Amino acid sequence: MLDQLLSGEKDSIISAISSKAGASPEQAGGFLEVILSKIEGLIGAGDLDMASLLKGDLSAITSKLNLGELGAILGGGDDKAKAGIGALLGPLQDKLGGDDAAGLLEGLMGGKSSG
């Protein structure tokens, strides 16, 4: 679902991840797929502090994930994972903080729309 929400910005996000993490576009694309899936899982399980995330707190995500595993996708370790997540955080905040995200978040959290 996050994949759909960010679909129009994927190329620019992949470019930003590639640039910030010093990874190839292919590595950045693979990282983006994996990280979005993991973030959706955290949201669905209620394990992600959305308020902190929307304030730009990188630790809201990094504290819940295996950074070594994610960094390996980008050809490095924890530092590359944090750089990749940092590149994703801005666009993610913009989308999750917008009105178009309400239905998506409800779906991710298992809620039903009353509309």
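Before reading on, note that the structure itself is shown above.
Residues numbered from 1 in each chain as written. Predicted model: local features only at pLDDT ≥ 70, side-chain atom pairs only at ≥ 80, totals over all residues. Heavy atoms only, no water.

Caption draft 1: Examining the overall build of the chain more closely. A count of helical and extended segments in the chain gives eight helices and zero strands. Beginning at the N terminus, the succession of helices and strands in the chain can be written as α-α-α-α-α-α-α-α. With 115 residues in all, the chain has 38% of them scored as buried. In the chain, 64% of the contacts between residues at least 6 apart in sequence involve partners at least 24 apart. (Helix = DSSP H or I, 4+ residues; strand = E, 2+ residues; numbered from the N terminus. Buried < 20%, exposed > 50% of the residue type's maximum accessible area, 1.4 Å probe, protein only. Contact = heavy atoms within 4.5 Å.)

Caption draft 2: The arrangement of the pattern of salt bridges in detail. Scanning the entire structure with this criterion turns up two salt bridges. Among the salt bridges present, the one from Lys10 reaches Asp3, with a minimum N-O distance of 2.4 Å. On the basis of relative accessible area, Lys10 is assigned to the partly exposed category, the value being 24%. With a shortest N-O distance of 3.3 Å, Glu69 and Lys38 are connected by a salt bridge. Note that Glu69 is positioned in helix H6 (residues 67-73) and Lys38 in helix H3 (residues 25-44), a separation of 31 residues in sequence. Residue Lys38 is classed as partly exposed on the basis of its relative accessible area of 30%. (Salt bridge = Lys/Arg side-chain N within 4 Å of Asp/Glu carboxyl O.)

Caption draft 3: Structural context of the packing of H3 against helix H7 (residues 78-96). Packing of H3 against H7 brings their axes to within 11 Å, and their N-to-C directions diverge by 70°. One finds that H3 runs roughly perpendicular with respect to H7. Considering the relative orientation of H3 and H7, their crossing is right-handed. On H7, the residues touching Phe31, Leu32, Ile35, Leu36 and Ile39 of H3 are Ala81, Gly84, Ile85, Leu88 and Leu92. Taken together, the residues that form the contact of H3 with H7 break down as nine nonpolar, one polar and no charged. (Axes fitted to C-alpha atoms, helices over the stretch in contact; angles between N-to-C directions. Parallel < 35°, antiparallel > 145°, perpendicular 65-115°, else oblique. Left-handed = near helix turned anticlockwise from the far one by under 90°. Nonpolar A, V, L, I, M, F, W, Y, C, P; charged D, E, K, R; others polar.)

Caption draft 4: The environment of Leu58, seen in detail. Of note, Leu58 is situated in the loop between helix H4 (50-54) and helix H5 (59-62). Separated by 27 residues in sequence, Leu58 and Ile85 have C-alpha atoms that sit 7.6 Å apart.

Caption draft 5: Quick peek at the nonpolar core. Ranked by internal contacts, the top residues of the largest apolar core, which has 32 residues, are Ile35, Ile39, Leu53, Ile61, Leu88 and Leu92. Elements represented by at least two residues in this core include exactly helix H1 (2-5), helix H2 (10-21), H3, H4, H5, H6 and H7. By residue number, the principal contributor to this core is H3, which donates eight residues. If sequence neighbours within four positions are ignored, Leu53 has contacts with Leu48, Ala60, Ile61, Leu89, Leu92, Gln93 and Leu96. (Core = buried A, V, L, I, M, F, W, Y, C linked by side-chain atoms within 4.5 Å.)

These values are about where atoms sit, not about what they do.
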